[in-house]
Amino acid sequence: MSAAPLIRMRNVGKRFGEFNALKNVSLDIFAGEVVVLLGPSGSGKSTLIRCINHLEDYDSGDVFVGDIRVERGRNLLAVRQQTGMVFQSFNLFPNLSVLDNVALGPVRVKKQSWDGARTRARELLHRVGIADQAEKYPAQLSGGQQQRVGIARALAMEPRILLFDEPTSALDPEMVGEVLDVIKRLAHGGVTMILVTHEMGFARQVADRIVFMEAGEIREIADPQTFFSSTTNERARAFLDAVLNH
Amino acid sequence: MDLASTFFNLDVLARSWPLLLDGLGRTILLGALSIVLGLVGGLFLALIRLYAPQPFRFLAIAYIDVFRALPVLVWLVIVYYAFPFLGLRLSPFASACLALSTVSAAYTAEIYRAGIQAIPLGQFEAAYSIGLNAFDRMRDVILPQAIRIVIPPLTNNSINVMKDTALASVVALPDLLKQATQAQALAANPSPLIGAAVLYLLLLLPLVRLVAVYEERFRRKGAR
Ligand SMILES: Nc1ncnc2c1ncn2[C@@H]1O[C@H](COP(=O)(O)OP(=O)(O)O)[C@@H](O)[C@H]1O
Ligand SMILES: [Mg+2]
């Protein structure tokens, strides 16, 4: 690809005390790409994507979103406008209606009117299939519905990239599908995303590239076909055997 | 001399009634003003304590600690009797209001802080992730949730402030207690004091009940 990457990570290191959560991580993500992060629990997947929108402050290296360096300071709000995040535990605002959860960002950050932002929010809720829940409060929704609000909230800021951290891991099994369907549609619609998931079938379907992490390092980057059927990386093989054979 | 004519002398009460009402009005005004100032000041202190750069944070902690340790009465007497030596001469009402609200702010600051810290980290992270600035984060997401948690303790604190207004009689503010003692001296009968006590109760018992009901509701919600 000739275009400049949307996300550029260069030799990123992150420690929690003595513990190295990320070691020398370098990764480029291009517009339109769907990158799935796989790896055992504790391998640094969450830490990696949280460095992109600076929910974690990395200790060394560089992270760029577009041409803005991700760091504390005035540019941070711009970085966060351009990166939407969907959380494992939804983290919807319980004090706001579903509609206003989605409209809040555009109103406060993009200075849109409440009327305009709510109209747009309705469209987004329609897009994730829960237009009829707009007036309710998050606590009145099922987990799957809540996560779809979470996706709509992230989309409302019209970010250049969506970051998903295990978006279906907190859901009851019967609700996983509805959320994955929404993400799949976004992926096929050309939304750039980086996604941590344990849903292997899904990863295989949507990913343009698989990034495999272990012990804070990127061990392999491959297209899904190669990764799932013929990875030569020993640790990736062991990981796949463990998750696929039960 | 029977009990009723000594402590519940209706004749004396009727005569001292205007004085008591006058005092009650001043007590309510002083209490309400001190409560509001304490609520606003405490919020700023809590935010400084939690989020300001280091030297300010330290100052807020020092303020909060000092005013929680200092007896209100001592502080009030200092404001009224010692400040004039610095060239600051305040009326009894202003002295009492200053003393009560500065102390109240220290307590409410700690209440707000506990409320804010009880909000799950995920709420902050979600607010960061959509790019809200610090002000919007607090106004739209954190404080509306924290307020619900802190209403009972803040009401408790307000009750205490209202009770502490009685200390103002020490600096000769004609508040409810002062007017009652005045009336008692005039009539040579303690009925006005009983009248004042009843008025304090009428003022504060509903608030005490309110907190109890709210806490019970909160407890049951939490248990569900
Ligand atoms: N705030 C933190 N403090 C200390 N250790 C942490 C913190 N967050 C993550 N870690 C550690 O860093 C490692 C990587 O965590 P994480 O990125 O969450 O892994 P993953 O998402 O792949 O499961 C884990 O060992 C975890 O215990
Ligand atoms: Mg994780």
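Quick notes on the rules
Residues numbered from 1 in each chain as written. Chains lettered and ligands numbered in written order. Predicted model: local features only at pLDDT ≥ 70, side-chain atom pairs only at ≥ 80, totals over all residues. Heavy atoms only, no water. UniProt positions renumbered as here; feature names shortened; annotations may be inferred. Pairing = 2+ DSSP bridges. Helix = DSSP H or I, 4+ residues; strand = E, 2+ residues; numbered from the N terminus. Contact = heavy atoms within 4.5 Å. Axes fitted to C-alpha atoms, helices over the stretch in contact; angles between N-to-C directions. Buried area = accessible area lost by both parts, 1.4 Å probe. Salt bridge = Lys/Arg side-chain N within 4 Å of Asp/Glu carboxyl O. Near = heavy atom within 4 Å. Polar contact = N/O pair within 3.5 Å; in protein donor to acceptor, adjacent residues only side chain to side chain. Areas by Shrake-Rupley, 256 points an atom, 1.4 Å probe, with all protein chains shown as cover.

As recorded by an unreviewed UniProt entry, chain B carries the name Amino acid ABC transporter permease and is attributed to Mesorhizobium liriopis. Under the heading Sequence similarities (unreviewed entry), UniProt records this for chain B: "Belongs to the binding-protein-dependent transport system permease family. HisMQ subfamily."

Another aspect to go through is the sheet that holds strand β5 (residues 68-69) of chain A. Residue and element names in this part refer to chain A. If you trace the four strands from one edge of the open sheet to the other, you get β2-β1-β4-β5, paired in antiparallel fashion. Of all strands in the sheet, those with a lone pairing partner are β2 (19-29) and β5, marking the two edges. As defined by bridge partners, strand β1 (residues 7-16) adjoins strand β4 (residues 60-65) across five bridges and the pair is classed as antiparallel. Pairing of Arg-8 across the sheet is with Phe-64, part of β4. Along the sheet face, helix α1 (residues 45-52) touches β1, β2 and β4 and points at about 120 degrees away from the line of β1.

Right, let's talk about the pairing of β4 of chain A for a bit. By the bridge criterion, two bridges tie β4 of chain A to β5 of chain A in an arrangement that is antiparallel. Counted as the bridge partner of Phe-64 of chain A is Arg-69 of chain A from β5 of chain A.

A word on the interface of chain A and chain B. Facing the 20 residues of chain A at the interface are 18 residues of chain B. Both faces considered, chain A and chain B share a buried interface measuring about 1,700 Å² in area, 59% of it formed by carbon and sulfur atoms. Sorting the residues of chain A by area buried against chain B places Phe-93, Asn-95 and Arg-108 of chain A first, and these three jointly supply 32% of that buried surface. Our count for the contact surface shared by chain A and chain B stands at two salt bridges. Measuring nitrogen to oxygen at the nearest pair gives 2.6 Å for the salt bridge that ties Arg-108 of chain A to Asp-140 of chain B. At the level of secondary structure, the elements contributing two or more residues to the side of chain A that touches chain B comprise α2 (76-82), β6 (83-86) and α3 (98-108) of chain A. Counting residues per element, the side of chain A that touches chain B draws most heavily on α3 of chain A, at three residues.

All names here are of chain A. Close contacts around ligand 1 come from Phe-16, Phe-19, Ala-21, Pro-40, Ser-41, Gly-42, Ser-43, Gly-44, Lys-45, Ser-46 and Thr-47, and that covers them all. Within the side chain of Lys-45, an N or O atom sits 2.9 Å from an oxygen atom of ligand 1. Ser-46 has a polar side-chain atom sitting 2.7 Å from an oxygen atom of ligand 1. In isolation ligand 1 has 560 Å² of accessible area, and contact with the protein removes 59% of it. Among the elements of the structure, β2 and α1 are those that each provide at least two residues to the shell around ligand 1. For the shell around ligand 1, the element with the most residues is α1, which contributes three residues.

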